[in-house]
Every structure is written in C-alpha cells, then in structure tokens.
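# Inside the fold
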Amino acid sequence: MKPATPPQKPTRARARKTAARDMAAINAGNDLLRARARLLAQPPDAETAAPAIEVVTLLLAYETYAIETAYVREVYPLKELTPLPCTPAFVAGIVNVRGQVMSVIDLKHLFELPPKGLTDLNKIVIVSDGAMEFGILADAILGVRNIPLHEIQPGLPTLTGVREDYLQGITAEGLVVLDAARLLHNENIVIHEEVT
C-alpha cells in the first residue's frame, strides 16, 4: 500500500489551467448560442410565410368540412334541440345558449347528405359576422388548424347546386372549406314566413 500523498497546494500554473479550461467552455457555449441566433434570424421560407386561414374542422355525415374561425363565435355542446314546426327541413330547430335563443341549421339536409342521427358527440358551431348569427349542427368537431391559401383549390365540377354556392374551396386531402360569409348572408337560409 502506498502512503497517501498529501494534497498539493494550488499553484498559479494550475489555477491558470483551470481558468483557461473554464474560458474555453464559456466560449464554446457562446459560439453555440451565436449559431442558434444566426439560424433563427434567417427570413422564413416561402412555405411558412404563405398567407393562411385558421379553420374549425367538423364532420358532417362522414365528410370533413371547415369553417374559418373569423366567423366562429364558439362551439357549443348540443344539449336540448327544440324542433320548430312549419320550417324547412334544413332548420334543425332552436337551442338556448346561455339565455339566447339560437336557430340551428343542419347542413346535411341543405347539402343533401345522408342523415346520421343525433348523438352525445354532436356540437353546434355558432357562426356570426355581427349582423347575422346562427348555429350549424356538426356530427363531431375534429379540431382547429391553419390552411395555407395556396392549398385551397376551387370546387370540383361534380359539386353543383347548393353545395357549390357555399363552397370556398377544397384542399388536396378532401377538406371542404365553406364560405361562411356567403352562408351567413344567403337569402335562402333566412325565413320570413308567418304562420296564421
């Protein structure tokens, strides 16, 4: 067994080596931060800088639709839907949304899609532009996402009639983007009839 060597007193040379090693570590860290700053300071590429719209995606009879969030006031769970007599088939009824009576439109009837029935998953997407406001019955809400405008293509020639009237475009993955402004201001949706 070797005798333990007594601890050596720090010398100036050893202190200089330690200080130099610490400075090298600090410089390496600063170099890394500078490289990251240069990378983050680069202008965004065209793909990420492209103008986009934020949409709420929803399911209507096994098809995926989207409505621009600028027109969506809120998404409300379907609790009690009261049918209205003497209204067109696309009017699902009315609901009470925190004391406000809101008309609910079923786009499946309007777009001639197969009915799916009501479940606990049904939601009401309340759309508004300040002047007009109503709810759209959705089978399910899929989420919120951004869609670059260049990805929205004009409607398909097979979409005619009512669906084409409310269509803003379709994405490559088949997401149908609805024109909420046109939907809110269409005279065919507003009912001006009185029952006597």
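Because the structure is a prediction, the values reported are computed rather than measured. (Residues numbered from 1 in each chain as written. Predicted model: local features only at pLDDT ≥ 70, side-chain atom pairs only at ≥ 80, totals over all residues. Heavy atoms only, no water.)

### Side note on the overall build of the protein
Of the regular secondary structure elements, the protein holds five helices and ten strands. Burial analysis of the protein (196 residues in total) assigns 32% to the buried set. In the protein, once contacts between residues fewer than 6 apart in sequence are set aside, the share between residues at least 24 apart is 58%. Carbon and sulfur atoms provide 57% of the accessible area of the protein, an area that totals close to 13000 Å². (Helix = DSSP H or I, 4+ residues; strand = E, 2+ residues; numbered from the N terminus. Buried < 20%, exposed > 50% of the residue type's maximum accessible area, 1.4 Å probe, protein only. Contact = heavy atoms within 4.5 Å. Areas by Shrake-Rupley, 256 points an atom, 1.4 Å probe, with all protein chains shown as cover.)

### Description of the pattern of salt bridges
All chains considered together, the criterion is met by six salt bridges. Linking glutamate 133 and arginine 73 is a salt bridge whose minimum nitrogen-to-oxygen distance equals 2.9 Å. Of this pair, glutamate 133 sits in strand β7 (residues 133-138) while arginine 73 sits in strand β3 (residues 72-77), placing them 60 residues apart in sequence. Glutamate 133 gets classed as partly exposed once you look at its relative accessible area, which sits at 25%. With its nearest N and O atoms 2.6 Å apart, the salt bridge here joins lysine 108 to aspartate 139. (Salt bridge = Lys/Arg side-chain N within 4 Å of Asp/Glu carboxyl O.)

### Quick look at the sheet that holds β3
On the basis of which strands lie adjacent, the open sheet formed by five strands has the order β3-β6-β7-β5-β4 and mixed pairing. Pairing within the sheet leaves two strands with one partner each, and these edge strands are β3 and β4 (91-97). The sheet shows a mean angle of 30° between the axes of neighbouring strands, taken without regard to direction. In terms of strand pairing, β3 meets strand β6 (residues 123-128) through five bridges, oriented antiparallel. (Pairing = 2+ DSSP bridges. Axes fitted to C-alpha atoms, helices over the stretch in contact; angles between N-to-C directions.)

### Thoughts on the sheet that holds strand β9 (residues 167-170)
Where strands meet in a sheet, backbone hydrogen bonds hold them as pairs that are either parallel or antiparallel. One open sheet accounts for five strands, arranged β8-β1-β2-β10-β9; its pairing is mixed. Looking at the sheet topology across the chains shown, the edges are occupied by β8 (140-148) and β9. Taking each pair of neighbouring strands and ignoring which way they run, the sheet shows an average axis angle of 30°.

### Quick word on the packing of aromatic side chains
On inspection of all chains with the given rule, the structure shows two aromatic pairs. Seen in terms of ring centroids, phenylalanine 111 and tyrosine 166 are 6.2 Å apart; in terms of plane orientation they differ by 35°. Their pairing is tilted. With phenylalanine 111 in the loop between α3 (107-110) and β6 and tyrosine 166 in the loop between α4 (162-165) and β9, the pair connects residues that are 55 residues apart, well separated along the chain. For the pair shown, phenylalanine 111 and tyrosine 166 are each scored as buried. Each member of the aromatic cluster is reached from another via a ring pair, and the members are Tyr65, Phe111 and Tyr166. (Phe/Tyr/Trp six-rings, centres within 6.5 Å; stacked < 30°, edge-to-face > 60°.)

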